[in-house]
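Now for the letters of each chain:
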Amino acid sequence: MLRKLIFLSWVLLLPLAGQAEVKPESLPPTVVLPAEPNPHWVWVNDIVFHHMVDGKAYLVDGDSGRFLGMLSTGMGFVGLVLPSDYAQIYSPETYFSRGTRGKRTDVITFYDPQTLMPSGEVVIPPKRFAAMPTNNYSVLTDDDRFLIIYNFTPAQSVSIVDVQERRFIAETETAGCSLALPSGERSFMMLCGNGGLMTVSLNDKGEVTDKQRIKPFFDPQNDPVTEKAVRWGNTWIFVSFDGYVYPVDVSGGQPVPGKRWSLFTESERKAGWKPGGIQHLAVHESSNSLYALVHQGGKDTHKDPGQDVWVYDLKAQQQVRKIKLDKLSTSIQISKDDAPLMFSIFIGNPTLDIYDAVRGDLLRSVDEIGFTPTIMQTP
Amino acid sequence: MKWLDRFSERSARSVARQSSRRGFIARVGTMILGGAAIPLLPVARASNNRPDAPAESGDPRSCDYWRYCAIDGFLCDCCGGTYNSCPPGTTVSPITWIGTCTNPVDGKDYIISYNDCCGKSSCGRCLCNRNEGDKPVYQPPLSNDINWCAGSSVDTPYNCSTAVVLGLAVAES
């Protein structure tokens, strides 16, 4: 008993002894991010396929490889939507009142990009498209005023949100047409099952004023374009399963399909080169470069990972260089600055690899970036 | 908005039927439905009028199993269900995507409906992704990237996927 008392008195005295020598730290403060984003930051979105109720988005600094913070983004998460001024982060999210059961509520959550705290939300119809992510399910109009959210119940429609006034405007039906691709300050396009497009025009209140259907510009049965189109200035770049590029010019209001060109020479095509992945295309605007993740494979390999990125001059429509990746990849993204980084990640092995996008050198790898990372965005 | 849903659902399905390379499959699916009360779904299950079960070989817990040629998800056979039934406590999604798979036993092509089982979190076992005939999400009836639990009574929580034979994929004459 006596020995126990002696031991107890020592234990009780220990904190006091420590206090005499080291000034205790205050409660940990919460880090606040800088107001200006580093162009070498990247947001990695994660559907968390094995626990889909718990979607996430992670922010990583490409220069240091440092994990800067994250967002919790709900069930069946697709991806964030970043306005060009990065003044807010928009996140289309789905929640059920009992986790995986109960009443479904869909919201656009607004996050403060410095604190990563929610700063508000807009409730939208509980119909947001649940699918393998691409960047073309929820998009902003070109002036960043209206957010367009593609719905599928399986009835097809879009919801329109005024992000400036933080208000749901309307839902409009879009039978036969999917995705949302901005085509101007007051318009967006949708890709239709027949290989055509639908253009939707808005007024300054975000109300739909017109819908036009554009005739098919590719063969959706024999060589469909992927849903993972990317924007180059006023041109949308669609790429087909077999590696043909279908540009669509939106500078004049209505989309105008351009002349098809090929990512591959005939000998490369014979050797089985194909585009593939979840986010298999990326554009670097100021150098007019298209980055395409490619692999060698047979029919139906349009979602296979690749270990090669081929870079194209979009003006000359020619391949300019090849980058051999260190690891298999399903998603690539390029930073927007003039010394661009290329980010690469594989849904089956969540290590973010960061490359010099011009030289193709692997600069650093950041491991443990989520569970099933899908698409990436750069500010 | 219920009227809007019904309207656009019908139109979407109509467009999907007409624009699909395997439009004939959709039409077969519609025919199989026969006297069903709502003969609208190109990929709806035909519960009363299915042909005899095909001869089987292979392991339904393996991704290589013949019916899984266009599946994308967790195999229900590993999750408390079977290749054509849902695990306890889950709810089947009546609408889904379809594939056409060759049965190695008889060499015939069968139309497979990949009905998702819904209402619980992901099963997490036997993840399998094969993409034979898979098309982008703007061709919904042929796309395995879509969470088809969206069409179930319990909404999008996805548990696992089944592979149900709808019939023989007879060639277009």
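Basis of the calculations
- Residues numbered from 1 in each chain as written.
- Chains lettered and ligands numbered in written order.
- Predicted model: local features only at pLDDT ≥ 70, side-chain atom pairs only at ≥ 80, totals over all residues.
- Helix = DSSP H or I, 4+ residues; strand = E, 2+ residues; numbered from the N terminus.
- Buried ≥ 20, exposed ≤ 12 C-beta atoms within 10 Å, placed from the backbone.
- Contact = placed C-beta atoms within 7 Å.
- Pairing = 2+ DSSP bridges.
- Axes fitted to C-alpha atoms, helices over the stretch in contact; angles between N-to-C directions.
- Nonpolar A, V, L, I, M, F, W, Y, C, P; charged D, E, K, R; others polar.
- pLDDT = per-residue confidence, 0-100.

Asker: Explain the overall build of chain A to me, please; I cannot follow it from the model alone.
Answerer: Secondary structure assignment for chain A yields two helices and 29 strands. When its C-alpha atoms are laid out on the principal axes, chain A stretches across 90 × 45 × 35 Å. Residues classed as buried in chain A amount to 48% of the 379 residues present. Relative to all contacts within chain A whose residues are 6 or more apart in sequence, the contacts with residues 24 or more apart total 43%.

Asker: What is the right way to read the sheet that holds strand β4 (residues 109-113) of chain B from this model?
Answerer: Consider a sheet: its strands pair through backbone hydrogen bonds, and that pairing is either parallel or antiparallel. Residues and elements named next belong to chain B. Spatially, β3-β4-β8 is the arrangement adopted by the three strands of the open sheet, whose pairing is antiparallel. Unpaired on one side and paired on the other, β3 (98-102) and β8 (164-168) mark the two borders of the sheet. Recorded for the sheet is a direction-independent mean angle of 35° between the axes of neighbouring strands. Note that β3 and β4 share five bridges and pair antiparallel. In the sheet register, T100 faces β4, and the bridge partner there is I111.

Asker: I'm lost on the sheet that holds strand β11 (residues 177-184) of chain A in this one. Help?
Answerer: All names here are of chain A. Taken in spatial order, the four strands make up an open sheet running β11-β12-β13-β14, and their pairing is antiparallel. At either margin of the open sheet sits one strand with a lone partner, and together these are β11 and β14 (208-214). Here the strands of the sheet are splayed against their neighbours by 25° on average, with no regard to which way each runs. In this sheet, strand β12 (residues 187-192) lies alongside β11 in antiparallel orientation, the contact comprising five bridges. Pairing of G184 across the sheet is with S187, part of β12.

Asker: Explain the interface of chain A and chain B here, please?
Answerer: When the parts of a complex come together, some accessible area is lost, and that lost area is often taken as the interface size. The interface is formed by 39 residues belonging to chain A together with 37 residues belonging to chain B. Those elements that provide at least two residues to the side of chain A that touches chain B are β9 (156-162), β10 (167-173), β11 and β12 of chain A. Considered class by class, the residues forming the side of chain A that touches chain B number 17 nonpolar, 15 polar and seven charged.

Asker: Sorry if this is basic, but what is going on with the confidence of the model for chain B here?
Answerer: Interpreting fine coordinate detail is not advised for predicted regions of low pLDDT. All names here are of chain B. Within chain B, residue pLDDT values average 78, and 69% of them lie at 70 or more. Under a pLDDT of 50 for its full length, residues 1-49 has, in the predicted model, 88 contacts with residues more than four places off or in other chains. Of the two predicted TM-score estimates for the complex, the pTM is 0.88 and the ipTM is 0.92.

Asker: Would you explain the environment of K270(A) in this entry?
Answerer: Along the polypeptide, K270(A) turns up in helix α2 (residues 266-270). Between the alpha carbons of K270(A) and M117(A) there is a distance of 51 Å; along the sequence they are 153 residues apart.

Asker: Is there a simple way to think about the pairing of strand β8 (residues 146-152) of chain A in this case?
Answerer: It is a general feature of regular strands that their side chains alternate between the two faces of the sheet. All names here are of chain A. Burial runs high along β8: seven of the seven residues are buried. Both faces of β8 are covered, namely the face carrying F146, I148, Y150 and F152 and the face carrying L147, I149 and N151. Bridge count for β8 against β9 is seven bridges, and the pairing is antiparallel. From the neighbouring strand, I148 faces β9, where its bridge partner is I160. Linkage of β8 to β9, two consecutive antiparallel strands, is achieved through a turn of three residues.

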